[in-house]
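Observations on chain architecture
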Amino acid sequence: MKLIDIDKLMEDFRNTITENSDTFDWLNMISRQPTAYDVDKVVERLEESSTDDDGIVCYVDEKPVLTKELAIKIVKAGGIK
């Protein structure tokens, strides 16, 4: 799933779409929008992060465990590096 920035989208509407624009113009503009929050990448990072060298991983019973601090950092980043 890809979430886009509504502010950026609205700015593009104002700067791109005219009364002569057709459906194809609208669809192209929407598909060109950059990802603002990528849920799949957030989940991927959360799954991988216990083995990453992020410096905020702790160990429980000798197994790497994702800390709350790192989880918050990943979620706030939105999967975007």
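Structure: see above.
Description of the structure in this document. The structure presented is a predicted model; accordingly, all values stated were derived computationally and were not measured. (Residues numbered from 1 in each chain as written. Predicted model: local features only at pLDDT ≥ 70, side-chain atom pairs only at ≥ 80, totals over all residues. Heavy atoms only, no water.)

Looking now at the overall build of the protein chain. Helix and strand content of the protein chain: 4 helices and 4 strands. Tracing the protein chain from N to C terminus, the helices and strands come up as β-α-α-β-α-β-β-α. In the protein chain, which comprises 81 residues, the share counted as buried stands at 21%. Put simply, 54% of the contacts in the protein chain that link residues at least 6 apart link residues at least 24 apart. Surface exposure of the protein chain reaches about 6200 Å², of which carbon and sulfur atoms provide 54%. (Helix = DSSP H or I, 4+ residues; strand = E, 2+ residues; numbered from the N terminus. Buried < 20%, exposed > 50% of the residue type's maximum accessible area, 1.4 Å probe, protein only. Contact = heavy atoms within 4.5 Å. Areas by Shrake-Rupley, 256 points an atom, 1.4 Å probe, with all protein chains shown as cover.)

Time to look at a negative patch on the surface. A cluster of acidic residues, Asp40, Glu44, Glu47 and Glu48, forms a negative patch at the surface. As for its position among the elements, Glu44 is in helix H3 (residues 39-48). Using a relative accessible area of 43% as the deciding quantity, one classes Glu44 as partly exposed. (Patch = residues over 30% accessible without salt bridge, like charges linked within 9 Å, V, L, I, M, F, W, Y side chains within 5 Å. Salt bridge = Lys/Arg side-chain N within 4 Å of Asp/Glu carboxyl O. Lys, Arg positive; Asp, Glu negative; His and termini not counted. Charge placed at Lys NZ, Arg CZ, Asp CG, Glu CD.)

The subject of this paragraph is the pattern of salt bridges. Applying the stated criterion across every chain, the model contains 1 salt bridge. Where Asp12 meets Lys8, a salt bridge forms, and the shortest distance between an N and an O atom there is 3.1 Å. Here Asp12 pairs with Lys8, and both are found in helix H1 (residues 6-16), just 4 residues apart, close to one helical turn. The exposure class of Lys8 is partly exposed, given its relative accessible area of 31%.

Enumeration over the complete set of coordinates arrives at 1 aromatic pair. Aromatic pair Phe13 and Trp26: ring centres 4.8 Å apart, planes at 55°, arrangement tilted. Of this pair, Phe13 sits in helix H1 while Trp26 sits in helix H2 (residues 23-31); the two residues are 13 residues apart in sequence, bridging distant segments of the chain. The exposure class of Phe13 is buried, given its relative accessible area of 18%. (Phe/Tyr/Trp six-rings, centres within 6.5 Å; stacked < 30°, edge-to-face > 60°.)

Here we take up the side chain of Asp12. The class for Asp12 is buried, based on a relative accessible area of 14%. Not counting the four nearest positions on each side in its chain, Asp12 is found in contact with Ile17, Met29 and Gln33.

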